[in-house]
Amino acid sequence: MARAILRRALSLSAAAAPATPRFAAAAFASTSSSPSAIVPPRSPLDDRLHRLLRSEITYIAERRPPYPPPRSFKSFAVEDRPGEQWVRLRAARRGAEAGEEVKVEATMFDGATEPLPEDAPLFHRVESLERGPRLHLSLIVEVTKADRVLGFICSAWPDELAVRHVLTLRAGGAAAGSDGARGGRNFEKLGAEEREAVTKFLKEREVDEELAGFLHDYMANKENMELLRWLKTVESFLDK
């Protein structure tokens, strides 16, 4: 009799327990066997960084969008690769100077003029502030013909090209002296006629203030492109 009462109690207990639906059990088994399916949420710091990156990318793309860089300027062909901090221009001379090649290598912006001193006239200080900083590029110019190479180290401002050093080089870029320093002469220490001759020589090869202006526009656009590319690369890491 006791055994019959016990069996009856067990059967009633089993009947009262809630049944687990088959599809729910299957879903639970699938979820528990695939932990990779659950994507953890981003941390508050990552989320904030992601918003800042997206805001900066949108600002550059809408307010200062880079434009496709030109592939040439006058007789020069422009050689540029993404990620590099310099650009190269080449020109092959024709006519009386056939067989001559002009190569210009320009850095990204590497300096700027110092602000005007406080004792400068107020008008000039206001004009300087309105114009903004006067950025600087460094240029290395090589003019090659047969086995002779003339080299020039120049400063390029937005509206000016200033020669700093003149180098006499052999083929392959080796200085005529035992090292590069001995093969160069300070442009400012040359005589007036020599300086004029050097300036004319470069101007005839289109290395002048117009080239300086072109390079400043080119580098400003390149700087924008490189910044936008870098921001998108960082954003892609946060999205993974």
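A few points on the structure. (Residues numbered from 1 in each chain as written. Predicted model: local features only at pLDDT ≥ 70, side-chain atom pairs only at ≥ 80, totals over all residues. Heavy atoms only, no water.)

## Concerning the environment of glutamate 194
Now for step 1: In this structure, glutamate 194 sits in helix 5 (residues 192–204).
Now for step 2: The class of glutamate 194 is partly exposed, set by a relative accessible area of 38%.
Now for step 3: Looking at glutamate 194, its side chain comes within polar contact range of the main-chain nitrogen of glycine 191, at 3.0 Å. (Helix = DSSP H or I, 4+ residues; strand = E, 2+ residues; numbered from the N terminus. Buried < 20%, exposed > 50% of the residue type's maximum accessible area, 1.4 Å probe, protein only. Polar contact = N/O pair within 3.5 Å; in protein donor to acceptor, adjacent residues only side chain to side chain.)

## So, helix 3 (residues 44–63)
Now for step 1: Between its terminal C-alpha atoms helix 3 stretches 28 Å, which fits the 28 Å expected from 20 residues at 1.5 Å a residue.
Now for step 2: Every buried residue of helix 3 is accounted for by His50, Leu53, Ile57 and Ile60. Summarising the axial view, the buried residues of helix 3 lie within an arc of 100 degrees, below the 170-degree limit, and thus occupy one face. Opposite the buried face of helix 3, by more than 90 degrees, sit the exposed residues Pro44, Arg48, Arg51, Glu62 and Arg63.
Now for step 3: Lining the buried residues of helix 3 we find helix 6 (209–239). (Expected span 1.5 Å × (residues − 1). Arc of directions from axis to C-beta. Contact = heavy atoms within 4.5 Å.)

## Considering the environment of valine 102
Now for step 1: Here valine 102 is to be found in strand 4 (residues 100–107).
Now for step 2: Judged by its relative accessible area of 1%, valine 102 falls in the buried class.
Now for step 3: Counting along the chain gives 26 residues from valine 102 to phenylalanine 76, while the straight-line C-alpha distance between them is 8.5 Å.
Now for step 4: Among all residues touching valine 102, those that are not within four sequence positions of it are Phe76, Leu89, Arg90, Ala91, Arg93, Val141, Glu142, Val143, Arg205 and Val207.

## Examining the pairing of strand 2 (residues 76–79)
Now for step 1: Residues of strand 2 alternate between two faces, with Phe76 and Val78 buried on one and Ala77 and Glu79 left unburied on the opposite face.
Now for step 2: Inspection of the sheet shows strand 1 (residues 72–73) paired to strand 2 by two bridges, in the antiparallel sense. When the sheet's bridge partners are listed, phenylalanine 73 is paired in strand 2 with phenylalanine 76.
Now for step 3: Linking strand 1 back to strand 2 in an antiparallel pair, the connection comprises two residues, with lysine 74 at a positive phi of about 55 degrees.
Now for step 4: Between the end of strand 2 and the start of strand 3 (residues 86–92), which pair antiparallel, lie six residues, with glycine 83 showing a positive phi angle near 95 degrees. (Pairing = 2+ DSSP bridges.)

## Focus: the packing of aromatic side chains
Now for step 1: Enumeration according to the criterion identifies three aromatic pairs in this entry.
Now for step 2: For the pair phenylalanine 152 and phenylalanine 201, a centre-to-centre distance of 5.9 Å together with 40 degrees between the ring planes defines the contact as tilted. Here phenylalanine 201 lies in helix 5 and phenylalanine 152 lies in strand 7 (residues 148–157), a separation of 49 residues in the sequence.
Now for step 3: The exposure class of phenylalanine 152 is buried, given its relative accessible area of 2%.
Now for step 4: Aromatic pair phenylalanine 214 and tyrosine 218: ring centres 5.9 Å apart, planes at 45 degrees, arrangement tilted. Here phenylalanine 214 pairs with tyrosine 218, and both are found in helix 6, just four residues apart, close to one helical turn.
Now for step 5: Here the aromatic cluster, defined as three or more aromatic residues joined through ring pairs, consists of Phe73, Phe214 and Tyr218. (Phe/Tyr/Trp six-rings, centres within 6.5 Å; stacked < 30°, edge-to-face > 60°.)

## Some remarks on the pattern of salt bridges
Opposite charge on two side chains allows them to pair when their charged atoms are near.
Now for step 1: Per the stated rule, a full pass over the model turns up 18 salt bridges.
Now for step 2: When the shortest N-O distance is used, the salt bridge between lysine 103 and glutamate 142 registers 3.6 Å. Taken together, the residues lysine 103 in strand 4 and glutamate 142 in strand 6 (residues 135–145) connect sequence positions 39 residues apart.
Now for step 3: For lysine 103, a relative accessible area of 18% puts it in the buried group. (Salt bridge = Lys/Arg side-chain N within 4 Å of Asp/Glu carboxyl O.)

## A look at the packing of helix 3 against helix 6
In helix packing, the relevant descriptors are the interaxial angle and the interaxial distance, both defined with respect to the helix axes.
Now for step 1: Running from amino to carboxyl end, helix 3 crosses helix 6 at an angle of 150 degrees, the nearest separation of the two axes being 10 Å. On the basis of the axis angle, helix 3 is roughly antiparallel to helix 6. Regarding helix 3 and helix 6, the two cross each other, and that crossing is left-handed. Contact with helix 3, carried on its side by Asp46, Leu49, His50, Leu53, Arg54, Glu56, Ile57 and Ile60, involves Asn224, Leu227, Leu228, Leu231, Lys232, Val234, Glu235, Leu238 and Asp239 of helix 6 and no other residues of that element. (Axes fitted to C-alpha atoms, helices over the stretch in contact; angles between N-to-C directions. Parallel < 35°, antiparallel > 145°, perpendicular 65-115°, else oblique. Left-handed = near helix turned anticlockwise from the far one by under 90°.)

## Looking at the side chain of glutamate 226
Now for step 1: Its place among the elements puts glutamate 226 in helix 6.
Now for step 2: The buried category is assigned to glutamate 226, whose relative accessible area is 15%.
Now for step 3: Among the polar contacts made by the side chain of glutamate 226, one reaches the main-chain amide nitrogen of glycine 83 at a distance of 2.9 Å.
Now for step 4: Discounting residues that sit within four places of it in the chain, glutamate 226 has contacts with Arg81, Pro82, Gly83 and Glu84.

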